[in-house]
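Structural characterization, general
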Amino acid sequence: MNRIQKVVRMQLTNRQTFLWVPLIVLGGAFGLSLAVYGILYSAGVTGAFYGGGAQAPLWYFAVIGAQALTMTFPFSQAMSVTRREFFLGTMLTAVLTAAMLAVIFVIGGLIETATGGWGLHGYFFAVGVIWESGPVLAGLFYFVLAMLFFVSGFWGATIFKRFGTLWLVVTLVGIAAVIVLALFAVTRMDAWPSVIDWFASIGFGGITLLVAGIAAVLAAIAFPTLRRTTP
């Protein structure tokens, strides 16, 4: 465990990757959203305003996941860190960072609901069905979603380091093709009502568990690839 903690400290040596850039992206998206809400409010537009700017730091977690491998893995091997220790320490760093982001989202959502959308009827954190399920579940959802993006970036980086650019592109194109075929099949079978009913039946908690499961599967796939990766 001590060596895993050393990997966490090693990853956090460059706080820009895991801390400052996500916060800057979040702050920038929040500031721009408030500016738009203020313009709409001052123009007399009625109703509540909702924006998608909160996605920005979540998408950036995919970049963090890729950088956590490509920028740090060679150095860790020079420091005689095993691949297992590097993997566990890196995932623990991601858990800490994703938890920090989730806490910020929950606090922001509580402030928004208490102030009526910052006095502008504008909502950045407390959005739709995510917040309607309660702050605890909303925070958990943001946490697992951030982890999903991180693990996706990390997994893609392991493929790149192990097999090169060609196979990374082939893998991404293959995943996109499978998704498109699945959507085509559901459309051809007129199964969208059944799909929507299924998501409604499992509820937002079930969707959160589904996202967590996908992240866990990607992490489980990434580790065997990392074990055969050279710095």
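First, a word on scope: everything that follows refers to the structure included in this document. (Residues numbered from 1 in each chain as written. Predicted model: local features only at pLDDT ≥ 70, side-chain atom pairs only at ≥ 80, totals over all residues. Heavy atoms only, no water.)

1. Some words on the overall build of the protein chain
Within the protein chain, the regular secondary structure consists of 10 helices and 2 strands. In sequence order, the protein chain lays out its α and β elements as α-α-β-α-α-α-α-β-α-α-α-α. For the protein chain, the C-alpha atoms occupy an extent of roughly 60 × 50 × 30 Å along the three principal directions. A buried classification covers 39% of the 231 residues belonging to the protein chain. (Helix = DSSP H or I, 4+ residues; strand = E, 2+ residues; numbered from the N terminus. Buried < 20%, exposed > 50% of the residue type's maximum accessible area, 1.4 Å probe, protein only.)

2. Here we look at the nonpolar core
If you look at the biggest cluster of nonpolar residues, it comprises 53 residues, and the most contacted ones within it are F61, F86, F150 and F154. Elements supplying a minimum of two residues to this core: helix 1 (2-11), helix 2 (15-42), helix 3 (55-70), helix 5 (83-115), helix 7 (128-132), helix 8 (135-163) and helix 10 (192-227). Beyond its immediate sequence surroundings of up to four residues, F86 is in contact with V7, M10, Q11, A68, L69, T72, F73, S76, V81, F154 and L226. (Core = buried A, V, L, I, M, F, W, Y, C linked by side-chain atoms within 4.5 Å. Contact = heavy atoms within 4.5 Å.)

3. Points about the packing of aromatic side chains
In this structure the tally under the stated criterion is 17 aromatic pairs. Ring geometry for F105 against Y142: centres 4.3 Å apart, planes inclined by 45 degrees, an arrangement best described as tilted. Residue F105 is found in helix 5, and its partner Y142 is found in helix 8; the two are separated by 37 residues along the sequence. Of the two residues, F105 and Y142, neither departs from the other in class, the shared state being buried. Taken together, the ring pairs connect F30, F105, W118, F124, F125, F141, Y142 and F204 into an aromatic cluster. (Phe/Tyr/Trp six-rings, centres within 6.5 Å; stacked < 30°, edge-to-face > 60°.)

4. Examining unusual backbone geometry
Of note, the phi angle at S80 is positive, near 65 degrees, even though the residue is not glycine. Mapped onto the elements, S80 comes out in the loop between helix 4 (73-78) and helix 5. At D190, a position not held by glycine, the phi torsion is positive, near 50 degrees. According to the relative accessible area criterion, D190 is exposed, its value standing at 64%.

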